[in-house]
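# Topology and contacts: notes
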Amino acid sequence: MLEENQISLDSTHKLGRAIDALPLRQKEAIYLRYLQELTYDEISELMGVQIPSIYNLIFKGIKSLKTVLSHSDFTSKVIFLFFFNLHWY
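Residues numbered from 1 in each chain as written. Predicted model: local features only at pLDDT ≥ 70, side-chain atom pairs only at ≥ 80, totals over all residues. Heavy atoms only, no water.

### Side note on the overall build of the chain
In terms of helices and strands, the chain carries five helices and zero strands. Along the chain, from the amino end to the carboxyl end, the secondary structure elements read α-α-α-α-α. Burial analysis of the chain (89 residues in total) assigns 37% to the buried set. In the chain, the share of contacts with a sequence separation of at least 24, taken over all contacts with a separation of at least 6, comes to 60%. (Helix = DSSP H or I, 4+ residues; strand = E, 2+ residues; numbered from the N terminus. Buried < 20%, exposed > 50% of the residue type's maximum accessible area, 1.4 Å probe, protein only. Contact = heavy atoms within 4.5 Å.)

Dropping the structure here:
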């Protein structure tokens with residue numbers, strides 16, 4: 001149990017560092033899409049950016065997270081933690 005908690009804590013720290021490394025616009029687009037569940041049209045209007053740019057922001061942000069985090073860290077649990085560790089709003 002203690003080892004699982006340590007692994008979870010380590011994953012959370014890695015995730016926090018990975019999120020902090022993302023540009024603000026990528027974090028914002030990912031937050032709006034996956035946590036607020038807005039459509040790409042809504043995000044485009046809200047952020048004042050063309051829809052293809054929204055796709056690029058989200059894709060690049062997720063790609064960066066996958067690159068920084070090991071495969072085992074990039075799980076549904078880590079994605080879940082991502083949304084509760086956003087420090088930019």
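### A look at the packing of aromatic side chains
Per the counting criterion, the structure on display carries one aromatic pair. Ring geometry for Tyr40 against Tyr55: centres 4.1 Å apart, planes inclined by 20°, an arrangement best described as stacked. With Tyr40 in helix α3 (residues 40–47) and Tyr55 in helix α4 (residues 51–68), this pair connects stretches of sequence that are 15 residues apart. The buried category is assigned to Tyr40, whose relative accessible area is 17%. Directly above the ring of Tyr34 sits Arg33, whose terminal nitrogen or CZ lies 6.0 Å from the centroid. (Phe/Tyr/Trp six-rings, centres within 6.5 Å; stacked < 30°, edge-to-face > 60°. Lys NZ or Arg CZ within 6 Å of the ring centre and 35° of its normal.)

### Concerning the packing of helix α2 (residues 24–35) against α4
A pair of packed helices can be characterised by two numbers: the angle between their axes and the separation between those axes. Axis separation between α2 and α4 bottoms out at 8 Å; the angle between their running directions is 100°. Comparing their axes, α4 and α2 come out roughly perpendicular. Of the residues in α4, those touching α2 at Arg25, Gln26, Ala29, Ile30, Arg33 and Tyr34 are Leu57, Ile58, Lys60, Gly61, Ile62 and Ser64. Each residue belonging to the contact of α2 with α4 can be placed in one class, and the counts come to six nonpolar, three polar and three charged. (Axes fitted to C-alpha atoms, helices over the stretch in contact; angles between N-to-C directions. Parallel < 35°, antiparallel > 145°, perpendicular 65-115°, else oblique. Nonpolar A, V, L, I, M, F, W, Y, C, P; charged D, E, K, R; others polar.)

### A closer look at the confidence of the model for the chain
Residues of the chain with pLDDT of at least 70 account for 65%, and the chain-wide mean is 79. Model confidence for the chain, summarised as mean pLDDT per element, is weakest for helix α5 (residues 76–84) at 55 and strongest for α3 at 97. (pLDDT = per-residue confidence, 0-100.)

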